[in-house]
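# Results of the structural survey
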Amino acid sequence: KKNLPLSRPNSNHASKMKNDRTDGRTAFTLRPLSAEISPLTRPDGSAKLTSGHTQILCAVYGPASSRHLNRDHPTRASLSVVFNSQVHGATEREMERFLGETLGSCILAERYPRSVIEIVVQVITGDGGVVGTALNVAVLALMDAGVEMSSVPIATTCVFLEGGLRLDPGEDEERRQGSMPLVIVTDNAKEGVLGSLTFGSEIDEEDYYNAVKASQKASKAVLAFMRMAIEGKVGKECAMLWS
Amino acid sequence: LFDSIETLQALNPEKHLSKFLKENVRPCKRPFHTSRPVTILPSILPRNTHGSSLVSIGNTRAVSAITLQIGQPAPSTPRRGDIDVSLHAGPLCHPSYDPAGRRVSDTGGGAAGARDPQAVESFVQRSVRQADVLDLEDLCVEEGKSAWRVHVSVVILNHDGNVEDVAMLAAIAALANLKLPETFLEDGKVKVLSSGRKTKLELKCLPVPLSIGLFDDKMLVDPTEEEEEVLHGVLTIIMNEKGNLISVNKVGGNILSIDDMKAAMVLARNRVKLLAPVIKSLQSEE
């Protein structure tokens, strides 16, 4: 279970703070994460990520030669993303573009000229944070496939409820009247925004910057979890090889 | 090595742009933070539609038109109508589109995905809906039984970069120009009085988009098509007249620090100062 270290409020303050979260979590606590690396045998890389009740599976094929003659680029790999779920009014194409461009900016595409890397994302159950979890599971699957990346992008889903900023919302928190979910993608190497996607109406500029800072902090915990998951799998494989 | 700029651009467009940017100049000679001139013409198709406009940013041009339908409101929102946006980009505007409006050449990589018309349509539609541009309850005809469905069709006439901004402005301008016809009930059915009084709806919000192309660490406001071919990413900010953010969409490109984002917000705010009064003035047009 991943919990961000929070400054401990004294009991008086806690009782005064209105908890408007459905599952009683505090504002910046993420839902429990669990991952399975290489659940599928056919693709070059695969991963399944569970965040609370949201469960997403991702398969990566490649780098491989492209099936269509015109699709390859002479000096770098091209990325193709398949995502079959509509999210808050945004169609699949928009999500495919967002995932493809964000991952594409971190993949060392020049290492694989004239190849295609295909990323297939399948949402098994969606309970909030679908786009963010999809990006994170794609990162795990790319690692499993051994695709070289210059940095590790991590997505954090935030929502602004009446009480303020909340991280990692569930579906009902995202769909509440007046709530504004946003997905911020950060990278642990540098401070700032790698990708950003917003749903919902008006958000104050200062609130946006606060969401970015909170996402930066939360992504450290997610990265540590991913490292644990990959190390676990690689450790087991090494033990098997040398046994 | 290259005997002409055109040869370099044809063979290696990324290097071509990067050479210009190293000298702090854009190939189109525009300053980095300047957009091309914006023209918004309302009521461009007065006879067949209930609101229309022609918007151009430089050479990128789109026409939008509103058609109305009567539909049944959802049971949970008995007074609400609906706004629907569709976008079409065909071979008329750019050779990389086929007649069905799909992208034909798919080089992959780069922010070339921006030109996928379905992605742009999805973005414009959800931005218009999210921005709460119209009070959907103003579209009610008979509570629980019928309400207007406002269908905005945007057709891209010429694609010279930054189709998202043009499409968004075209949709907003058409909605600003929207005139609802008078209706009456006959035998329980809603009939439209074509010669009757027309109601103009007031826009609740004036969202103004600004797209900034990202290449290495440079920000290129309002990218042209030749720049878009090789951009690493795009940042689109939609801000309303109160200075609140409707949407912050960053796809691809290097990391932008909070200071970079603040600079982009300043540019977006200036854009709002420039365009919000223009859109507002469309409302008072007859």
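A word on the interface of chain A and chain B. In this complex, chain A contributes 39 residues to the contact, which on the side of chain B involves 41 residues. Carbon and sulfur atoms make up 48% of the area that chain A and chain B hide from each other, which totals about 3,300 Å². Where chain A meets chain B, there are 6 salt bridges. In this structure, Lys-242 of chain B engages Glu-202 of chain A in a salt bridge whose closest nitrogen and oxygen atoms are separated by 3.3 Å. Viewed at the interface, chain B and chain A are joined by 19 residue pairs in polar contact (both at pLDDT 80 or more). Contributing elements (two or more residues each) for the side of chain A that touches chain B: helix H2 (92-104), strand E8 (180-187), strand E9 (195-198) and helix H5 (205-242) of chain A. Looking at the side of chain A that touches chain B, the element that brings in the most residues is H2 of chain A, giving 6 residues. The residue makeup of the side of chain A that touches chain B, split by class, is 11 nonpolar, 15 polar and 13 charged.

A few words now on unusual backbone geometry. Leaving glycine aside, a negative phi is the common case for residues, and trans is the common case for peptide bonds. Note the cis peptide between Gly-62 of chain A and Pro-63 of chain A, where omega equals -5°. Within the secondary structure, Pro-63 of chain A is located in strand E3 (residues 54-65). In this structure, Asn-24 of chain B is a non-glycine residue whose phi angle is positive, near 60°. In the Ramachandran plot, Asn-162 of chain B falls in the positive-phi region, its phi being about 60° despite a non-glycine side chain. Along the chain, Asn-162 of chain B turns up in the loop between strand E6 (146-158) and helix H4 (163-176). For Asn-162 of chain B, a relative accessible area of 0% corresponds to the buried category.

What follows deals with the environment of Val-193 of chain A. Within the secondary structure layout, Val-193 of chain A lies in the loop between E8 and E9. Residues Val-193 of chain A and Ser-215 of chain A, spaced 22 residues apart in sequence, show a C-alpha to C-alpha distance of 9.3 Å. For Val-193 of chain A, the residues in contact, after removing those within four places along its chain, are Ile-184, Val-185, Tyr-208 and Val-212 of chain A together with Lys-250, Asn-254, Ile-255, Leu-256 and Met-261 of chain B.

Moving on, we come to the packing of aromatic side chains. Evaluated as defined, the whole model comprises 1 aromatic pair over all chains. Ring geometry for Tyr-208 of chain A versus Tyr-209 of chain A: centroids 6.2 Å apart, planes at 70°, classification edge-to-face. Relative accessible area serves as the criterion here: at 1%, Tyr-209 of chain A is assigned to the buried category. It is Lys-262 of chain B that lies over the ring of Tyr-209 of chain A; its NZ or CZ is 5.3 Å from the centre.

Once that is clear, we can look at the packing of H2 of chain A against helix H3 (residues 130-145) of chain A. The angle between the axes and the distance between the axes are what describe a pair of packed helices. All names here are of chain A. The N-to-C vectors of H2 and H3 enclose an angle of 45°; their axes lie 11 Å apart at closest approach. With respect to their mutual orientation, H2 and H3 come out oblique. In the packing of H2 onto H3, the handedness of the crossing is right-handed. Counted together, Met-95, Phe-98, Leu-99, Thr-102 and Leu-103 of H2 and Val-131, Ala-134, Leu-135, Ala-138, Val-139 and Leu-142 of H3 form the full contact between these two elements. Looking at side-chain class alone, the contact of H2 with H3 contains 10 nonpolar, 1 polar and no charged residues.

Here the focus is the sheet that holds E3 of chain A. Residues and elements named next belong to chain A. A sheet is described by the order of its strands in space; here 5 strands give the open sequence E1-E2-E3-E5-E4, paired in mixed fashion. Each edge of the open sheet is held by one strand with a lone partner, namely strand E1 (33-37) and strand E4 (78-83). Neighbour-to-neighbour, the strand axes of the sheet open up by a mean angle of 15°, direction not taken into account. Summarising the sheet, E4 and strand E5 (residues 115-125) pair through 6 bridges and their orientation is parallel. Bridged to Ser-80 within E5 is Glu-118. Across the sheet, H2 touches E4 and E5, and the angle it forms with E4 is around 140°. Of the strands in this sheet, E1 and strand E2 (45-51) are in contact with H5, which crosses E1 at around 35°.

Definitions and limits used
Residues numbered from 1 in each chain as written. Chains lettered and ligands numbered in written order. Predicted model: local features only at pLDDT ≥ 70, side-chain atom pairs only at ≥ 80, totals over all residues. Heavy atoms only, no water. Contact = heavy atoms within 4.5 Å. Buried area = accessible area lost by both parts, 1.4 Å probe. Salt bridge = Lys/Arg side-chain N within 4 Å of Asp/Glu carboxyl O. Polar contact = N/O pair within 3.5 Å; in protein donor to acceptor, adjacent residues only side chain to side chain. Helix = DSSP H or I, 4+ residues; strand = E, 2+ residues; numbered from the N terminus. Nonpolar A, V, L, I, M, F, W, Y, C, P; charged D, E, K, R; others polar. Buried < 20%, exposed > 50% of the residue type's maximum accessible area, 1.4 Å probe, protein only. Phe/Tyr/Trp six-rings, centres within 6.5 Å; stacked < 30°, edge-to-face > 60°. Lys NZ or Arg CZ within 6 Å of the ring centre and 35° of its normal. Axes fitted to C-alpha atoms, helices over the stretch in contact; angles between N-to-C directions. Parallel < 35°, antiparallel > 145°, perpendicular 65-115°, else oblique. Left-handed = near helix turned anticlockwise from the far one by under 90°. Pairing = 2+ DSSP bridges.

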